[in-house]
Amino acid sequence: MVTHLIGLLLGTEDDWPTAFEQYLRRLKPQIRHAGDTHEVATERVTIEPFDLRQPVRHALVIDRLAYWYDHPREWLKKLALLDHAYLLNNPFTFQSMEKHAAFCAAMRLGFDVPATWLLPHKVPPENERFAPTAARYNRAFDLDAVGERVGYPAYMKPFHGGGWVNVTRIGSPEELHRAYDASGRELMHLQAGVEEYEVFTRGLAIGPQTMVARYDPTRPLHLRYQVDHGFLTPRLGQEIVTFGLLVGAFFRWEFNSFEVIVRDQRTFPIDFANATPDMALISLHYYFPWAVAALAKWSLFCVVTGRAMRLDQEIGRWYAVADDPGLAWEEKLAAYRAQAEEYYELDRFQEFCERHLAHADDCMREYVESDQFDHLLVTTVRRAFPAHEHDQLVAHYRGLLAAWATDRGH
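Thresholds applied
Residues numbered from 1 in each chain as written. Predicted model: local features only at pLDDT ≥ 70, side-chain atom pairs only at ≥ 80, totals over all residues. Heavy atoms only, no water. Helix = DSSP H or I, 4+ residues; strand = E, 2+ residues; numbered from the N terminus. Buried < 20%, exposed > 50% of the residue type's maximum accessible area, 1.4 Å probe, protein only. Phe/Tyr/Trp six-rings, centres within 6.5 Å; stacked < 30°, edge-to-face > 60°. Lys, Arg positive; Asp, Glu negative; His and termini not counted. Salt bridge = Lys/Arg side-chain N within 4 Å of Asp/Glu carboxyl O. Contact = heavy atoms within 4.5 Å.

Student: Kindly report on unusual backbone geometry, identifying the contributing residues and their values.
Tutor: Cis geometry is found at the peptide bond from Tyr152 to Pro153, where omega equals 0°. Mapping Pro153 onto the fold places it in the loop between helix 5 (143–150) and strand 7 (154–158). Of note, Gln265 is a non-glycine position whose phi angle comes to about 65°, a positive value. With respect to the secondary-structure elements, Gln265 resides in the loop between strand 13 (255–263) and strand 14 (266–274). For Gln265, a relative accessible area of 39% translates into the label partly exposed. With phi around 50°, Glu314 is a residue other than glycine that occupies positive phi space. One can find Glu314 in the loop between helix 9 (288–305) and helix 10 (315–322). Accessibility expressed as a relative area gives 29% for Glu314, which makes it partly exposed.

Now the structure itself:
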């Protein structure tokens, strides 16, 4: 018997980790592969001093913390360079989660990222060398002229992202100046707004598995994901799914979310560098069981088959497609999709799931219908919302999860 330890590197969240642990225990995976019987165990990773040559015990680590904290980030880099642990997201492309590099890459690959400008700091960084450097080299600029180039409405937002924090809609030059003056030491993007759209979508990509939902960013967090099916044409659905897979394969993020707006039957990616994606029960609700099951399937595939982690982005392969003048856009999309599926070993993954995890979806449905899951749901709602909303929201979430179970029972 070979036991693979999956490490969960977590912040404050407890809902999906608990569901992940409980689901794996119910799934009871004992998989015969390459002459051995494989099983998995999970462990929540603690932060403590480590020897750089210290052997790692984990076969795979699901990281939810290292983007925000330096110590676990350096631990993951040590794992990637010295050990054989599998990381779902490449720690060396973490800085690309600061949106800027992701925007640039998507533009280079031919996608319709709205016009985006990076503005200098309004208030200089706290560095004694900055003032003399700025005096010599910072060029005065006309903010109104930038606004005219980008167009109105526009959105000013921190270049590093951060869950819609400090995002401001700009409708006039006066609002642009107020928002820039208020930005302080934040480094800000100014991006053309895509409004009066047909659909705002948000997708979650876990390995080669994607879920794309209708999304309403104007509503409270727990009401943003809309339970709606068939809201995209096959062509648009194919393009958006391909984009989500491509971003993950390009940056070596196998656990990522992405946002794409559809207007006039064109797709506009606006936010897609989220390699610590939202997995909360209260926000995903109907889609939460899919996310937990997809994460379990991909993790099991990686540890049991010994999938090798690939740190090299192989950017040239993607740019060769982007720069081929003989390919129409649809042909480039097909080529991107083929390269992404090759990276994810899609055929091998599907065969693995059919052979070893055919019961996984039924197991998830039984879990969602269990008292154990209901206890998790009630506990999560009580932690997240004020007491006077508990009864209403517990009933609300129970209804959404029951609808998911019913839909999967057909």
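Student: Outline the packing of aromatic side chains, listing residues and values.
Tutor: Geometrically, a pair of aromatic rings is defined through the distance of the ring centres and the angle of the planes. All chains considered together, the criterion is met by 27 aromatic pairs. A centroid spacing of 6.4 Å and a plane angle of 55° characterise the contact between Phe250 and Trp318, whose relative ring orientation is tilted. Taken together, the positions of Phe250 in helix 7 (residues 234–251) and Trp318 in helix 10 put the pair 68 residues apart, joining distant regions of the chain. Looking at Phe250, the relative accessible area reads 4%, which means it is buried.

Student: How would you explain the side chain of Lys157 if you had to name every residue and give the values?
Tutor: Position of Lys157 relative to the elements: it lies in strand 7. Despite being buried, Lys157 has no salt bridge partner; Asp271 is the closest side chain of opposite charge, sitting 6.0 Å away. In this structure, Lys157 is in contact with Phe103, Asn166, Val167, Leu187, Met188, His189, Gln191 and Ile270, ignoring residues within four places of it in sequence.

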